[in-house]
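Analysis of the macromolecular model
Read off the chains here:
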Amino acid sequence: MPSRSEMGRGGDIAIVGWAQTPMERHTEKSETQLLMDVISAALAPLGLTRADIDFTCLGSCDYITGQAFSFVSNLDAIGAWPPKRDSHVEMDGAWALYEAWLRLQEGDIEIAVVTGSGRSSTGDPSLIYPMEMDPYFLAPLGADPLTFAALQARAVIASGIADERSMAEVAIRSRSRGDVDALLAEDYIREPLRRHDVPPITDGAAAMVVATGDRARRLVERPAYITGFDHRTECHNPSFRALDDSPSTRLAAEAAGLGDGPIEVAELQAAFTHEELLLADVLDLGDDVSVNPSGGALRANPIMATGLCRIGHAADHVMSGGHRALAHSTSGPCLQQNLVCIVADTP
Amino acid sequence: MSTRPCAVVGVGQTHHKSRRLDVSFGGLVREAVFRALDDARMTMADIDAVILGKAPDLFEGVMKPELYLSDALGAVGKPMFRVHTAGSVGGTTAIVAASHIQVGKHRTVLAVAFEKQSEGNAQFALGSGRGASLGAGGAFAPFIRAYIHRSRAPEHIGWKVAVKDRLNALKNPYAHLRIEDISIEKVKASPMMWEPIRFLESCPSSDGACAMVLTDEQGGDAAAADGRPPAWILGASSRSEPASFPGRDPVRPAAALQCAADVYNQAGITDPRRQIDTAELYVPFSWHEPIWLEAFGLADEGDGWKLVEDGTTELGGSLPINASGGVLSSNPIGASGLLRFAEAANQVRGAAGEHQVDGAKVAIGMAYGANSQYFSTWAVGRSLQPFG
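Keep in mind that what you see is a predicted model, and the values were worked out from it rather than measured.

Moving on, we come to the overall build of chain A. Secondary structure summary: chain A contains 14 helices and twelve strands in total. Summarising its shape, the C-alpha atoms of chain A cover approximately 55 × 45 × 40 Å along the three principal directions. Residue burial in chain A is summarised as follows: out of 347 residues, 60% are buried. Sequence-distant contacts, at least 24 apart, represent 79% of the contacts inside chain A between residues at least 6 apart.

A few words on the overall build of chain B. When helices and strands are counted, chain B shows 14 helices and eleven strands. For chain B, the C-alpha radius of gyration of 19 Å lies close to 21 Å, the compact-globule estimate for 388 residues. Here the C-alpha coordinates of chain B stretch approximately 50 × 50 × 45 Å along the principal axes. A total of 388 residues make up chain B; the buried ones form 64% of that total. Pairs at least 24 apart in sequence give 79% of the contacts found in chain B among residues at least 6 apart.

On the chain B side, the residues contacting the 52 residues of chain A number 50 residues. Elements supplying a minimum of two residues to the side of chain A that touches chain B: helix 1 (3-6), helix 3 (62-65), helix 4 (75-78), strand 3 (85-89), helix 5 (93-105) and strand 8 (224-233) of chain A. Residues of the side of chain A that touches chain B, tallied by class, amount to 21 nonpolar, 15 polar and 16 charged.

Residue and element names in this part refer to chain B. Along the polypeptide, A279 turns up in strand 9 (residues 278-280). Separated by 141 residues in sequence, A279 and G138 have C-alpha atoms that sit 26 Å apart. When sequence neighbours within four positions are dropped, the list of residues in contact with A279 reads L298, I321, A363, I364 and M366.

A few words on the packing of helix 7 (residues 145-158) of chain A against helix 12 (residues 273-282) of chain A. Residues and elements named next belong to chain A. Their axes nearest at 9 Å, the elements helix 7 and helix 12 cross at an angle of 45 degrees. Here helix 7 lies oblique to helix 12, going by the angle between them. You can see that helix 7 and helix 12 cross each other, and the crossing is left-handed. In this structure, helix 7 contributes Q152, A153 and V156 to the contact, and helix 12 contributes H274, L277 and L278.

As a further point, take the packing of helix 5 of chain A against helix 14 (residues 306-319) of chain A. All names here are of chain A. One way to put it is that helix 5 packs onto helix 14 with a least axis distance of 5 Å and a crossing angle of 65 degrees. Taking contact as the criterion, the partners of G93, A94 and L97 in helix 5 are, on helix 14, G307, L308 and I311. The residue makeup of the contact of helix 5 with helix 14, split by class, is four nonpolar, two polar and no charged.

For the rest of this paragraph, the subject is the confidence of the model for chain A. A residue-level look at chain A finds 97% of positions with pLDDT of 70 or above and a mean pLDDT of 95. Predicted confidence is poor over residues 1-9 of chain A, with pLDDT under 50, and the contacts of this stretch with residues over four places away or in other chains come to 20 contacts.

Another aspect to go through is unusual backbone geometry. The residue after A:W81, namely A:P82, is reached through a cis peptide bond having omega 0 degrees. Along the chain, A:P82 falls in the loop between helix 4 and strand 3. Look at A:F69: it is not a glycine, yet its phi comes out positive at around 60 degrees. Examined against the element boundaries, A:F69 turns out to sit in the loop between helix 3 and helix 4. The exposure class of A:F69 is buried, given the 25 C-beta atoms found within 10 Å. For B:R41, which is not glycine, the phi torsion reads 55 degrees and is therefore positive. Mapped onto the fold, B:R41 is located in the loop between helix 1 (25-39) and strand 2 (49-53).

Below, the discussion takes up helix 7 of chain A. All names here are of chain A. Over its 14 residues, helix 7 runs 20 Å from end to end, which matches the ideal 20 Å to within 8%, given 1.5 Å per residue. When helix 7 is considered as a whole, its buried residues turn out to be P145, F148, A149, A150, Q152, A153, A155 and V156. In the core, the buried residues of helix 7 are packed alongside helix 6 (125-128), strand 5 (188-190), strand 6 (193-194) and helix 12. One or two steps after helix 7, the chain reaches G160, where phi turns positive at roughly 85 degrees.

Residue and element names in this part refer to chain B. For strand 1 (residues 6-13), a buried count of eight out of eight residues is recorded, marking the element as mostly surrounded by other parts of the structure. In this sheet, strand 7 (residues 207-216) lies alongside strand 1 in antiparallel orientation, the contact comprising seven bridges. When the bridges of strand 7 are listed, G12 appears paired with A211. Bridge count for strand 1 against strand 8 (residues 231-240) is two bridges, and the pairing is antiparallel. Within strand 8, the position partnered with V8 by the bridge is A231.

With that settled, consider the environment of B:L67. Mapping B:L67 onto the fold places it in helix 2 (residues 66-69). Spatially, the C-alpha atoms of B:L67 and B:T313 are 41 Å apart, while their sequence positions differ by 246 residues. Each residue touching B:L67, except ones within four places of it in the same chain, is listed here: A:E132, A:H236, A:S331, A:G332, A:Q336 and A:Q337.

Quick look at the nonpolar core now. Counting residues in hydrophobic clusters, the biggest one holds 245 residues, and the most contacted among them are A:V210, A:V343, B:V112, B:M212 and B:V380. With residues up to four places along the chain from it excluded, the contact list for A:V210 reads A:I13, A:A14, A:I15, A:V16, A:L97, A:A100, A:W101, A:L104, A:A112 and A:V114.

Analysis parameters
- Residues numbered from 1 in each chain as written.
- Chains lettered and ligands numbered in written order.
- Predicted model: local features only at pLDDT ≥ 70, side-chain atom pairs only at ≥ 80, totals over all residues.
- Helix = DSSP H or I, 4+ residues; strand = E, 2+ residues; numbered from the N terminus.
- Buried ≥ 20, exposed ≤ 12 C-beta atoms within 10 Å, placed from the backbone.
- Contact = placed C-beta atoms within 7 Å.
- Rg over C-alpha atoms; globule rule 2.2 N^0.38 Å.
- Nonpolar A, V, L, I, M, F, W, Y, C, P; charged D, E, K, R; others polar.
- Axes fitted to C-alpha atoms, helices over the stretch in contact; angles between N-to-C directions.
- Parallel < 35°, antiparallel > 145°, perpendicular 65-115°, else oblique.
- Left-handed = near helix turned anticlockwise from the far one by under 90°.
- pLDDT = per-residue confidence, 0-100.
- Expected span 1.5 Å × (residues − 1).
- Pairing = 2+ DSSP bridges.
- Core = buried A, V, L, I, M, F, W, Y, C linked by C-beta atoms within 7 Å.

This is the structure in structure tokens:
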């Protein structure tokens, strides 16, 4: 058993490749079709087929898909015949990766494929997301995600971590377009949020191939080793939390060993501009860290895959020559639950 | 396996009922959690991570309820993980929880599963929310007819299983259905639901929860030293296969056979019928008992029904199945799998109370889901080397 495992941070497990679908406002393809494409795309460059997969873990959400047991048909996409060791989480694919990371450490298998998938275009977020809230005290209010995000944005602005200008700058950098003064001249859609502070609605999926160390080194020249992985949750009700802080992100980052060395890139699942500024503050990211070079969730937000894409982009940084990167995923109102994954060029 | 030992040191469950109007979702899960923590002589402070399993969120109309339940489950500041693998989810929840300990990520993990079916319309959700659903019975009846056709089992086999499990339930204080005057005649006279499944051969729809405390070798040894024997995990596995294609056999699913073979291989079980003392099998409709006896190697192919016929699977028989009363007596769907795993653990802990199988040293818990596609199974033992 590798020494990292003794520290509870994982053994010699690495990301060896991933793929994502085109990120679109709406696709007519089913989630199963999206996954069919993206799993094939992730495996092919590695010279692997579905027969090589020892374990699969899928991440998706029935309420996003609009159907109970929606993940069951996705078994067709992983090619579960002969049957596969398999699991499914009602969480972002980032957590599916977490389960696969644990499973691979058991040592009896070598290759796992994890996915995240969602087609948000088929539903109305303002109707769906209130159902994620405490069913007795919060759901009946019918408050939508923009409302909760605006509450948090106000807290973040009040604490001096962000202002409307710095938020607009995040939007411009993420989308590689726009002018700060022009954006700030637009109307609020939920004060203090303007259109540019808000994520797009995206349909999409991502698949990632993970392998135990020796196998990973045979598959690719530079695997992205998962050197730290942790996730934490907080109290659910946003009114019982300090919304200008994210203690669960801080805890997860500490447990994942963020402080063990410098990182070059941080891919944060910040669907709203103020979330990126808050998370960067909580993680104490220096000016030398490139935040969301992919454009982040503000450019493409395939819910249930958004977090896995962050880890994919962080892995890309390492696989293309970088040394160490951080990826973050989140779930729940006002960043209730947060995950931190650290990837590096050495185990 | 090359993994670290993992032990079950606490088990708790709610009283299962059609409607638990006396508790909220949070109240329901806490009832099971506190029983499990009390059983383990622990508090929430001893828990490193919480793993929550339940079946589709459409059952209750609460999306990703683990977010709201974080407080009730004492998960604030901890990892909180949500599993959903259809009907097998309760079993998979235990397996994922164990994985955290087996690789050394955490020392002590709480596995929780629940369903509060009275909050919604389970049959609607079981039809993927499309309405006009046949329900689970409608989906499984063709498989059962195929089993009867192949095995030439007489029709009273289903009735016998239904009576046996309801008699067992009378010895389980948490069971939902308590039918004091259950009899073959009563089952036979109950309405036909989905040919050949009669009403009393069907599982109920329950509100309920189950919780389990899993810990490492040190924790398991400490419990044993304190006179509270743990259940040691001897093997665990999950397998899935697609819903439908030519050549698939839903009566004897390849995923079930592989899942069983994997668990037995890990556990060193070479003769399941002889080495396993009792099993908690996921039997939502009576005929699934002989079907799973065969798929899990507890009977030869075509002979499962004979173990029902001759009383082998009764509480006093040589291979008691579902001594707790099983899914036929309590069915909070998302929790039903964890209940199977928990009841198996309690049997080898000697903690099953009135429905204890005398001298049980090795037990299996099994759950399945979707269109007989998702399988989760574990074998637990009174010791890590129960076969010497």
